[in-house]
Amino acid sequence: MCANRAADGCDLAATYDAATAMADWCASGGKPAVLHLRMVRLMGHAGADAEVGYRSKADIVADVERDPLLATAMLLAGPAC
């Protein structure tokens, strides 16, 4: 049996909880585990990949608001920021 777990990869706490659960599963003698993290793709992968050419501004803004780096920084800084 293979354990499966999904989490929002943009949410540090959810990712940690899911990864810990999968590590515990494997360490306790469980079979392999699959951890599926949903992420955002921020900006194009190359200079020629201009997202504004094929994505709406609302979609781009929504992805930036889910930026895992910024979300983690705000989580660590606390509510004062």
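Numbers given to residues run from 1 along each chain, matching the order in which its sequence is written. The model is predicted, so local features are restricted to residues of pLDDT at least 70 and side-chain atom pairs to those at 80 or more, both for listing and for counting; the totals for chains, interfaces and linings are taken over all residues. As a rule here, side-chain values come from all non-hydrogen atoms in the structure, and water together with hydrogens is ignored.

The next point concerns the overall build of the protein chain. A count of helices and strands for the protein chain gives three helices and two strands. In the protein chain, the succession of α and β elements from N to C terminus is β-α-β-α-α. Restricting the calculation to C-alpha atoms gives the radius of gyration, and the globule rule supplies 2.2 Å times the number of residues raised to the power 0.38. Since a compact globule built from 81 residues should have a radius of gyration of about 12 Å, the 17 Å found for the protein chain marks it as more spread out than a globular shape. In terms of principal-axis extent, the alpha carbons of the protein chain reach across some 50 × 35 × 20 Å. Exposure is judged per residue with a 1.4 Å probe applied to protein chains only, and the accessible area is read against the type maximum: over 50% gives exposed, under 20% gives buried, and values in between give partly exposed. In the protein chain, which comprises 81 residues, the proportion classed as buried is 16%. Throughout, a residue-residue contact means that at least one pair of heavy atoms, one from each residue, lies within 4.5 Å. Nonlocal contacts in the protein chain, meaning residues at least 24 apart in sequence, comprise 51% of its contacts between residues at least 6 apart. Charged side chains in the protein chain number 7 positive and 10 negative. The centres of these two groups are separated by 5 Å. Each helix corresponds to a stretch of at least 4 residues labelled H or I by DSSP, and each strand to a stretch of at least 2 residues labelled E; elements are numbered beginning at the N terminus. When charges are tallied, Lys and Arg are placed among the positive residues and Asp and Glu among the negative ones, while His and the ends of the chain are skipped. Here the site of a charge means atom NZ of a Lys, CZ of an Arg, CG of an Asp or CD of a Glu.

pLDDT gives the predictor's per-residue confidence on a scale running from 0 to 100. Mean pLDDT over the protein chain: 87, with 96% of residues reaching 70 or higher. Averaged pLDDT values over the elements of the protein chain bottom out at 87 in helix H3 (residues 68-77) and peak at 94 in strand E2 (residues 33-38).

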